[in-house]
Amino acid sequence: MKYKFGRIGIEVTSICNNSCIVCPRATMYEKTPSTMPMELFHKIIIDISENMIEKTVVLGGMGDPSCDNLLIDRLRFAKERTPELDIIISSNMEVWSKKYSDIIVEENLLSRLRFSVFAVTEDASFKIYKNKTYAANARRNIEYFLKKNEENGRPVRTSIYT
């Protein structure tokens, strides 16, 4: 059976740790930030699996997946239920934890991780994120992830969006 879509996006959380000046969240997003219930996520993944709706899903949207306390549980469920599913996430990496990097790489839970980076210097960080340390925090977290990924044979493809 042929897949019906090119890619499906699942907004697992609309919570974000940043207030980037390039993001429409502050002016165009009227919903109160929240996280998708795990039961609904399970239902979506099961539906995708049983009906061969898609082979690629992107977990993201207006929020940053690293702000989802259920992220690892979601990834484990999706991998267990549909091991052939390509899972992609995009993160600003500012609050990304070493624990996420360790688990995701060691358990090969993602197909791709896209780093969304809009600033690298302290001045640019302040202009974009309204915080001087965000860019440095993100850089540290990205470097840790890349090192961990390299040490494990690069199971997760990475890219940068800027």
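None of these values were measured; they are calculated from a predicted model.

(A) Highlighting the pattern of salt bridges. Under the criterion given, the structure shown has seven salt bridges. For Glu50, the salt bridge identified is with Arg81, shortest N-O distance 2.9 Å. Taken together, the residues span a long stretch of sequence, with Glu50 in helix α2 (residues 38-51) and Arg81 in helix α3 (residues 71-81) at a distance of 31 residues. Glu106 serves as the salt-bridge partner of Lys148, at 2.5 Å between the closest nitrogen and oxygen.

(B) Focus on unusual backbone geometry. The residue Asn108 is not glycine, and still its phi comes out positive at about 50 degrees. Turning to its location among the elements, Asn108 is positioned in the loop between α4 (98-106) and β4 (112-116). You can call Asn108 partly exposed: its relative accessible area is 31%. With a phi close to 55 degrees, Arg154 is a non-glycine residue in the positive phi region. Tracing the backbone shows Arg154 in the loop between α6 (134-151) and β5 (157-161).

(C) Structural context of the nonpolar core. Grouped together as the largest cluster of nonpolar side chains are 34 residues, with contacts concentrated most on Ile10, Phe41, Leu59, Trp96, Ile104, Leu113 and Phe145. Elements supplying a minimum of two residues to this core: β1 (8-10), α2, β2 (56-59), α3, β3 (86-91), α4, β4 and α6. In terms of residues, this core owes the most to one element, α3, which gives five residues. Among the nonpolar cores identified, the runner-up in size contains six residues, and Cys20, Ala119, Tyr129 and Ala135 belong to it.

(D) How the structure looks around the pairing of β3. Burial analysis of β3 places five of its six residues in the buried class, the great majority of the element. Examined bridge by bridge, β2 and β3 share four bridges and lie parallel to one another. Bridge pairing links Val57 to Ile87 in β3. A crossover connection joins β2 to the parallel β3 through α3; in handedness this β-α-β unit is right-handed. Inspection of the sheet shows β3 paired to β4 by four bridges, in the parallel sense.

About the thresholds
- Residues numbered from 1 in each chain as written.
- Predicted model: local features only at pLDDT ≥ 70, side-chain atom pairs only at ≥ 80, totals over all residues.
- Heavy atoms only, no water.
- Salt bridge = Lys/Arg side-chain N within 4 Å of Asp/Glu carboxyl O.
- Helix = DSSP H or I, 4+ residues; strand = E, 2+ residues; numbered from the N terminus.
- Buried < 20%, exposed > 50% of the residue type's maximum accessible area, 1.4 Å probe, protein only.
- Core = buried A, V, L, I, M, F, W, Y, C linked by side-chain atoms within 4.5 Å.
- Pairing = 2+ DSSP bridges.
- Right-handed = clockwise from strand over helix to strand, strands pointing away.

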